[in-house]
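Fold and geometry: a report
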Amino acid sequence: MHATIETLKNDVLARNAGEPEFHQAVVEVLDSLAPVLETHPEYLDQDVIRRLCEPERQVIFRVPWIDSKGNVNINRGYRVEFNSALGPYKGGLRFHPTVNLGIVKFLGFEQTFKNSLTGLPIGGGKGGSDFDPHGRSDRDIMAFCQSFMTELYRHIGEYTDVPAGDIGVGTREIGYMFGQYKRITNRFESGVLTGKGLSWGGSLVRPEATGYGTIFFAREMLATQGEDFDGKRVSVSGSGNVAIYAIEKAQELGAVVVTASDSKGSIYDPDGIDLDLLKQIKLKERGRISEYADRRSNRVEFHENRNDVWQVPVDVALPCATQNELDVHAAQTLINNGLRVVAEGANMPLTADAASLMRETEGVLFGPAKAVNAGGVATSALEMQQNASRDRWTFDYTETRLEEIMVDVHETCRATAQEYGAPSDYVLGANIAGVTKVVDAMIAQGLV
Ligand code: GLU
């Protein structure tokens, strides 16, 4: 191991105490950089790698709001503007009780390299709040979103920082935030947020993009082995936008998807998921996954443990729920059961140990989040393009653009990994390709 990388790692970890998810993301990226530094010692000049690990700006703010029962609530809001070397900060907002500064920093760090891999001109950022939208009325959600934007608006802008959705933030929340931004600024600045509704500047394919992109990437991984999705058994975790549209595209390609989950449990449907029913329950009714088992048939199993999805023997596993949801035991079970491909639809869903095990296992391909799920943010960048040109593209045109981008991200990762002597190591390829582009731009821009 390169001594300098070890020193850098220790320094970054000490400087960001108590942020385990940020540590996990940084360690994985810095470990991948050791071979690059041997051939490119100039990357150690002017401490550019250390600067890369330090966000450009971190904003933390109070979000006071009154709920429909008249209670005063105080949440904490975040926006971490991580890196603007390639374009305006770009990345989602997450509303979930587990959100804290370390989580937002890990997501912003990953976002920077993910956005770089898309090949589009977007920097990296992330934000959110510890607000829990679950079980809240529309009126409460609106009150929260309006208060959140009343502070956030001063930090964002179409040329500055462009938030979007993530866990707990979809078109409804983006709508309330866009409306408040418009009132405060008196500008219809469409490019300030992405994930908007179709009639007010949103893009076709944006809701589907992360899930579809995940499948396009996994399809390319399978193709390197001369295989495709037709007839493959697939397990998916989660039941939000990413999971649902990954299931949709996998089914279109002939796969049998047998699992889905939410925070309260999981389902195993041996006949293959009934997607219309799942969409009805999760996207329309905002209900629980247990209702799927109640309404589908007797053959469906409901399990209270959401991680039971990894007990099912499958060819392809797609963790699409949240960080660190798939641990080393689950990874070993999947491998023992004959897994061929695992592709991360969520951000960092494999623990560090699980990821190492997958990378080391002969015959298993592991696609890391920053490459696999880049289709969401890539389509956000396509939404920004449509906003800037006051245009509106068709579904087919936009989906083709997404597919081309995902094929290109896959090829970039594969070719980079090959250049460094490990052709099937997508983690190495994604990290090296994602980081070097950002670092080259930072060096060109002086001491930024
Ligand atoms: N939250 C998504 C991600 O993790 C999308 C961000 C965006 O569209 O800006 O990449």
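Whatever comes next refers back to the structure up there.
The structure displayed is predicted, hence computed values, not measured ones.

Attention shifts here to the packing of aromatic side chains. The tally for this structure, following the rule as stated, stands at 17 aromatic pairs. Note on Phe-95 and Phe-148: the rings are 5.2 Å apart at their centroids and 75° apart in plane angle, and the pair reads as edge-to-face. Of this pair, Phe-95 sits in strand β3 (residues 89-95) while Phe-148 sits in helix α5 (residues 138-152), placing them 53 residues apart in sequence. Taken as a pair, Phe-95 and Phe-148 share a single burial class, namely buried. The rings of Phe-61, Trp-65, Phe-95, Phe-131, Phe-144 and Phe-148 are connected pair by pair, giving a single aromatic cluster.

Moving on: the layout of surface pockets. Computed from the structure, the second largest pocket encloses a volume of approximately 340 Å³. Lining of the second largest pocket is provided by 16 residues; of these, Glu-158, Gly-191, Met-384, Asn-387 and Ala-388 occupy positions nearest its centre.

Attention shifts here to the packing of helix α2 (residues 20-39) against helix α4 (residues 101-117). The geometry of α2 relative to α4 is characterised by a closest axis approach of 7 Å and an angle of 25° between their N-to-C directions. Viewed along their axes, α2 and α4 adopt a mutual orientation that is roughly parallel. Every residue of α4 that contacts α2 at Glu-21, Phe-22, Ala-25, Val-26 and Val-29 is listed here: Gly-102, Ile-103, Lys-105, Phe-106, Phe-109, Glu-110 and Phe-113. Across the contact of α2 with α4, the residue classes tally to eight nonpolar, one polar and three charged.

For the rest of this paragraph, the subject is the pairing of strand β6 (residues 233-237). Regular strands have side chains that alternate between both faces of the sheet. Burial analysis of β6 places four of its five residues in the buried class, the great majority of the element. The pairing of β6 with strand β7 (residues 256-257) spans two bridges and is parallel. Following the sheet pairing, Arg-233 is matched in β7 by Val-256. Chirality of the crossover, the property in question, places the unit of β6, helix α8 (residues 241-252) and β7 among those that are right-handed. Here β6 pairs with strand β11 (residues 316-319) via four bridges, running parallel.

Residues that lie three or four places apart on an α-helix share one face, since the helix turns once every 3.6 residues. Every buried residue of helix α11 (residues 328-336) is listed here: Ala-330, Ala-331, Leu-334 and Ile-335. All buried residues of α11 fall inside an arc of 135° around its axis, so they share one side. In this structure, α11 carries His-329 and Asn-336 as exposed residues pointing more than 90 degrees from its buried face. Those residues of α11 that are buried lie in contact with β11 and α12 (352-360). Looking one or two residues past α11, Gly-338 carries a phi angle of roughly 95°, positive in sign.

In the vicinity of the ligand lie 14 residues, with Lys-90, Lys-114, Gly-165, Asp-166 and Ser-380 positioned nearest. Contact distances for the ligand include 3.0 Å between an oxygen atom and a side-chain N or O atom of Lys-126. Between the ligand and the protein, one listed contact pairs a nitrogen atom with a side-chain N or O atom of Asp-166 at 2.8 Å. Out of a free accessible area of 300 Å², the ligand has 94% covered by protein chains. Broken down by secondary-structure element, the contributors of at least two residues to the shell around the ligand are β3, α4 and α14 (374-388).

Thresholds applied
Residues numbered from 1 in each chain as written. Predicted model: local features only at pLDDT ≥ 70, side-chain atom pairs only at ≥ 80, totals over all residues. Heavy atoms only, no water. Phe/Tyr/Trp six-rings, centres within 6.5 Å; stacked < 30°, edge-to-face > 60°. Helix = DSSP H or I, 4+ residues; strand = E, 2+ residues; numbered from the N terminus. Buried < 20%, exposed > 50% of the residue type's maximum accessible area, 1.4 Å probe, protein only. 1 Å grid on protein atoms, 1.4 Å probe; cavity = no way out; pocket = protein on both sides within 12 Å on 5 of 7 lines; lining within 4 Å. Points joined across faces, edges and corners; volume = space filled by probe spheres on them. Axes fitted to C-alpha atoms, helices over the stretch in contact; angles between N-to-C directions. Parallel < 35°, antiparallel > 145°, perpendicular 65-115°, else oblique. Contact = heavy atoms within 4.5 Å. Nonpolar A, V, L, I, M, F, W, Y, C, P; charged D, E, K, R; others polar. Pairing = 2+ DSSP bridges. Right-handed = clockwise from strand over helix to strand, strands pointing away. Arc of directions from axis to C-beta. Near = heavy atom within 4 Å. Polar contact = N/O pair within 3.5 Å; in protein donor to acceptor, adjacent residues only side chain to side chain. Areas by Shrake-Rupley, 256 points an atom, 1.4 Å probe, with all protein chains shown as cover.

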